Each structure stands twice: as structure tokens, then as C-alpha cells.
Amino acid sequence: MSTVALKEVTKIWPDGTTAVDNVSLDVQDGEFMVLLGPSGCGKSTVLRMIAGLEDPTQGDILLNGEPVLELPPRDRSIAMVFQDFALYPHMTVSENIGFPLKLSGIEPTPRQERVDAIAGALGIGEVLARRPSQLSGGQRQRVAMGRAMVRRPGIFLMDEPLSNLDSGLRAELRAEITSMTRELGVTTMYVTHDQAEALTMADRVAIMRKGVLQDVGTPTEVYRRPATLYVAAFLGSPKMNLLEAAVYVHLDQYIALSFGEQTLYMPWNDPRARAVARYHGERIVVGIRAEALTPVTPDTQGPVFQGRIRFLEHHGHESLAYLDIGATAIVVDEMSGPVTETRSVGGGFRKALQRLAGQTPEPVAPQGRVGVLSEVGKHHRKPAELAVRLAPYPAIGPGHPLAVSVRMDAVHFFDERGDRIDVGWR
Ligand SMILES: Nc1ncnc2c1ncn2[C@@H]1O[C@H](COP(=O)(O)OP(=O)(O)OP(=O)(O)O)[C@@H](O)[C@H]1O
Ligand SMILES: [Mg+2]
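Residues numbered from 1 in each chain as written. Chains lettered and ligands numbered in written order. Predicted model: local features only at pLDDT ≥ 70, side-chain atom pairs only at ≥ 80, totals over all residues. Heavy atoms only, no water.

Within an unreviewed UniProt entry, the label attached to the chain reads Multiple sugar transport system ATP-binding protein, and the organism entered is Actinoplanes campanulatus.

What follows is the structure, encoded as C-alpha cells:
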């Protein structure tokens, strides 16, 4: 059995850089956990602390429930494949893979058996006699993995092991890595900055930004219910449409989400209505993935955006239309720091109740807080180009009007700080 637990782990480098900020994470036995985030967010630092190559500034690391900070790397039953893996150039593939076994004093015959078995599993059985310089990039990568796996570690740490490879080989090796680690039942932590790779490989994904853990869950969970605006913006292709909306509550009737020129209405009996109603008179971010948008005829009733195609992108199996709907998009700045502002946003609902008590439900002009998203300064705004999926090579083109209906139950809501508004069930 092999589990990994990080307990409120922080790493501050001597120059004051906080690389990892109070991260707590549990990896189950046999689980394939992917650490996902942009360059510099602290992924490698997390792995290096687990491996024992760096010490946390604060917090604790447990392997199999036991604190390991006092244990040197070699006693942690961990194997690691690095971003910039290196093979011994003067050794053959067979010798490279068998080297850790040789160091542990294993006899040549059982050593060779283990090498042959793992090389076979990795599809490099044919090249065992070659030197690294005589291999392709993908083969070298497999040798590095074989060398890491050959001692049958309890925990396998992989730091962007496919980053140097072309996309075809990456896809092939992705499938091989997941099937191999699952077959062996080895607990794996796999680092990548590629969201597609994370979603296809992981049992669970942990998403980091600037050292802070943003969300943890199965690929379906983090995709369907991202905990923060940042996670919403990071996962999925095309990127989630993130639109700024002003909220107007018509008590007991509906909530109007005003996108500038157009408005969507959320019925009062929507389970999320009360949570969104707290933002009456304020601006929030509404997230709509392309799959929640369906082209319809312009006279369709219900939640519909009327737009005009700005441009088309052809992807072979589908085309993406980008619509001008007169709305404002929020662009999440991936590399900016975590938004630490703690301003209260709770008073809106009470204000709304007071304003609307006994009054006719006329829209109330937004006051005071409108524009607050730009004050936060971590995101910027631009005219929205709403990404919509179309059949390949559609008959319509740029300049054409297009109406799209919005699946309201698939819409996401985030507050000015980027936190999901309707937290709760998953
Ligand atoms: N030895 C070090 N001394 C000082 N700062 C460091 C050191 N190693 C890393 N850092 C900094 O810590 C932060 C996190 O680095 P880390 O290597 O963990 O990022 P990463 O998520 O693995 O990025 P990448 O995807 O580019 O590999 C970065 O700001 C980096 O510059
Ligand atoms: Mg790294």
C-alpha cells in the first residue's frame, strides 16, 4: 500500500519566492493523480519535496501515513522521472534500465529478467543493446521510465515526462503510462501543464496556480463544476466563455442577468437562484461552455443570445464560430497572483429585499459596485467573442447573424474574486 499526504505544505525559497502555499492533498493507494498548472506554479517543487530533494518551509509530508521529512530520498520507496531526464550515454539501454538494480546488489540473472520484463511492457525490448544516442526521443523517454520503474517503487513521480516529444508520440505514451501504472497498481503523481493531458490521464486532477491549490477532483468533477474562475478558464477546449453580467433580482419571479445588449432570465425556482440573488445590483462572471450553446432559429423563445459571426475556425470534425453578442468577456490572467482580496459580497440580498419589499419588480439600476471586477485588477475585459460549435464547414460565414440557445443548467457563476457562487454538491 502506498499513499501520499501533504499537510499544509508551504515552500518559500531563500529569495522570498513562495513556490508552494499551504497545500494539502491526499493521494490514495494506486491512484493516478495529475498536478496541473501553468509554468512556475510550483508543480515540480511539490514533487521534489515528496521525493525528499527539497524540504518544505512549513507543513508535513506523510507516505503511507508516516511522516517522512526526516527520511532521506533513498528510503522513501519513490521513483522519479524528471522533466529533463538524462540517461547514461556510455551504457546500453539494458544497462541503463538495470542500473538501479545493480546498485542494490541484485544478481545479473534476476536483474536481466526484470529488465526484459519492463522493457517488453514499454515496447523497447528490441533496442536493449543500443546506446541512448541511437534512440528516438520517445524511446529515450521510455528507457528513463523503465529505469525509474524497475525497482518497483511504491510511488511513482513523473515531472512532465512527455514534454520533449511530438504530439503523436505524446498521445501514444500517455495511454501507455496510464495503462502501465494501473496494471502495476503503483500510486502515481504526474505533473503537466497540458490540460488535455490531465483530463485524459488522471483519476483525479489537482489544479495549482501560483503555489495555491485551486481545485481537486476527478476530470469530470473539475470540468463540470470548477471551483474557481481560474479552473474554469484553464480546463477545456475551446475555452469556457466567461461573460460579465449585471444581476437584477425580481423577487419570487426571476433573476435577470444583463450582458449589456442582451439579457438571460433565470427562473426563481432554479436551485442556484438564491445564491445568485445575493449579487443583486452587482456584476458577476457567467461561464458558458461551447457545448451549452446550440444554434437555433432567431425567433426561438427562452434563453437565447442573438449574435453575429465575427470569424470561423475550422477544426476538421467541427467548426467553431465566434459570435459578437455585445457582451464583455473576462480574461483570466493565468500568471497573475492569487486574488487575496477578502471583501465581503454578502450584503446584496438583504439590500435587494429592502429595495424590493412591497414594490413592483421594476429593474433596479445597478449602483455602487458595478465595475468592481476591473477594480480587482487580476482579470481584464474585452469585447466577448462567444465560442459556439457548428458542424464542419457550415454554410454561413463571418457577418452572418446566428442565434444560440443557452442551456441554463450548464451555466457557471463566479463572484468578483473568482470563487464559484453556488458551492455545495458536486
Ligand atoms: N531553487 C530555487 N530557488 C529559488 N526559486 C526557485 C527554485 N526552484 C524553483 N523556484 C521558483 O519557484 C516557483 C515554482 O517553481 P517550480 O519549478 O515548482 O514550477 P513548475 O510549476 O514546475 O513550473 P514548470 O512548468 O515551468 O516546470 C517558480 O517561481 C520558480 O522560479
Ligand atoms: Mg516544473
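### Concerning the packing of helix H4 (residues 137-149) against helix H5 (residues 167-184)
Put simply, the rule reads: In this analysis an axis means a line fitted to C-alpha atoms, helices contributing only their contacting stretch, and an angle means the value between N-to-C directions, from 0 to 180 degrees. Numbering of helices and strands starts at the N terminus; helices are DSSP runs of H or I of at least 4 residues and strands are runs of E of at least 2. Here the angle decides the label: under 35 degrees means roughly parallel, over 145 means roughly antiparallel, 65 to 115 means roughly perpendicular, and every other value means oblique. Crossing handedness is read from the near helix: turned anticlockwise from the far helix by less than a right angle, it gives a left-handed crossing, and turned clockwise, a right-handed one. The contact rule is simple, with two residues in contact once any of their heavy atoms fall within 4.5 Å.
With their axes 11 Å apart at the nearest point, H4 and H5 run at an angle of 15 degrees to one another. One element, H4, and the other, H5, form an angle in the roughly parallel class. H4 and H5 meet at a crossing whose hand is right-handed. Between H4, through Gly138, Gln141, Arg142, Met145 and Met149, and H5, the contact on the second element is made entirely by Leu169, Glu172, Leu173, Glu176, Ile177, Met180 and Leu184.

### Comments concerning the pairing of strand E14 (residues 283-288)
Remark: a regular strand shows side chains that alternate across the two faces of the sheet. What counts here: Burial status follows relative accessibility: with a 1.4 Å probe on protein chains alone, a residue under 20% of its type maximum counts as buried, one over 50% as exposed, and anything between as partly exposed. Paired strands, as defined in this entry, are two strands with at least two bridges between them according to DSSP.
Here E14 lies mainly inside the structure; 5 of its 6 residues are buried. Inspection of the sheet shows strand E11 (residues 241-250) paired to E14 by 6 bridges, in the antiparallel sense. Counterpart to Ala245 in the pairing with E14 is Ile284. When E14 meets strand E22 (residues 412-414), the two strands line up antiparallel, connected through 3 bridges. Note on E22: the bridge partner recorded for Val285 is Phe414.

### Some details on the site of ligand 1
How we decide: For this description, a residue counts as near a given molecule or strand if any of its non-hydrogen atoms is within 4 Å of it. Polar contacts, as counted here, are pairs of nitrogen or oxygen atoms within 3.5 Å of one another; within protein the pair requires one atom able to donate a hydrogen and one able to accept it, and residues that are adjacent in sequence qualify only if both atoms are side-chain atoms. Methods summary: accessible areas were calculated by the Shrake-Rupley approach with a probe of 1.4 Å, and residue burial reflects only the protein chains presented. Asp, Glu, Lys and Arg are counted as charged, while Ala, Val, Leu, Ile, Met, Phe, Trp, Tyr, Cys and Pro are counted as nonpolar; the rest, among them Gly, fall into the polar class.
Every one of the 13 residues lining ligand 1 counts as a neighbour, but Ser39, Gly40, Lys43, Ser44 and Thr45 are closest to it. In the model, an oxygen atom of ligand 1 is placed 2.7 Å from a nitrogen or oxygen of the Gly40 main chain. Separating an oxygen atom of ligand 1 from a side-chain N or O atom of Lys43 is a distance of 2.8 Å. Calculation on ligand 1 without its partners gives an accessible area of 640 Å², and the protein chains cover 63% of this total. For the shell around ligand 1, the element with the most residues is helix H1 (residues 43-51), which contributes 3 residues. Of the residues assigned to the shell around ligand 1, the class counts are 4 nonpolar, 7 polar and 2 charged.

### Description of the nonpolar core
What counts, and what does not: To qualify as a nonpolar core, a set must consist of buried Ala, Val, Leu, Ile, Met, Phe, Trp, Tyr and Cys residues joined through side-chain atoms within 4.5 Å. Throughout, the edges of the domains are those of an automatic or database domain assignment.
Core analysis: the biggest nonpolar cluster contains 53 residues, and Ile97, Phe156, Ile177, Tyr190, Ile207 and Leu242 have the highest contact counts within it. Residues from two domains meet in this core; each of domain 1 (4-226) and domain 2 (233-414) gives at least three. Once you skip the residues sitting within four places of it in the chain, Leu242 turns out to touch Leu229, Ala233, Val285, Val286, Gly287, Thr328, Ala329, Ile330 and Val332. Ranked by size, the runner-up nonpolar core spans 39 residues in total, among them Leu243, Ile288, Ile309 and Met408.

### So, the layout of surface pockets
Keep this limit in mind: Using a 1 Å grid laid over the protein atoms alone, points where a 1.4 Å probe fits but cannot get out form a cavity; open sets with protein on both sides within 12 Å along at least 5 of 7 lines form a pocket; any residue with an atom within 4 Å of a point counts as lining. Grid points are joined across faces, edges and corners, and a volume is the space filled by probe spheres set on the points.
In this structure, the largest pocket occupies an estimated 660 Å³ of space. Looking at the largest pocket, it is lined by 23 residues, and the ones nearest its centre are Ile78, Ala79, Met80, Ala148 and Arg151. When residues in the lining of the largest pocket are grouped by element, the largest group, 4 residues, is from strand E6 (residues 78-81). In terms of residue class, the lining of the largest pocket is built from 17 nonpolar, 1 polar and 5 charged.

### Comments concerning the packing of aromatic side chains
As a reminder, the rule being used: For Phe, Tyr and Trp, rings pair up if their centres lie within 6.5 Å, where Trp contributes its six-membered ring, and each pair is then called stacked (planes under 30 degrees apart), edge-to-face (over 60) or tilted (otherwise). For a lysine, the NZ atom is tested; for an arginine, the CZ atom; a charge sits over a ring if that atom is within 6 Å of the ring centre and within 35 degrees of the ring normal.
Under the criterion given, the structure shown has 6 aromatic pairs. Here the aromatic rings of Phe259 and Phe305 are separated by 5.2 Å at their centres, their planes lie at 85 degrees, and the arrangement is edge-to-face. On the criterion of sequence distance, the pair formed by Phe259 in the loop between strand E12 (254-258) and strand E13 (263-267) and Phe305 in strand E16 (residues 304-314) is long-range, its members being 46 residues apart. Judged by relative accessible area, which is 3%, Phe259 ranks as buried. Just above the ring of Tyr223 sits the side chain of Arg289; from NZ or CZ to the centre is 3.7 Å.

### Re the pattern of salt bridges
Put simply, the rule is: In the sections that follow, a salt bridge refers to a side-chain nitrogen of Lys or Arg positioned within 4 Å of a carboxyl oxygen of Asp or Glu.
Tallying each qualifying case throughout the model produces 20 salt bridges. With its nearest N and O atoms 3.5 Å apart, the salt bridge here joins Arg174 to Glu197. Of this pair, Arg174 sits in helix H5 while Glu197 is found in helix H6 (residues 195-201), placing the two residues 23 residues apart along the sequence. Its salt-bridge partner being Asp419, residue Arg417 comes within 3.3 Å of it at the nearest N-O pair. Classification of Arg417 by relative accessible area gives partly exposed; the value is 25%. Each of Arg170, Arg174, Asp194 and Glu197 takes part in salt bridges that share partners, so that together they form one network.

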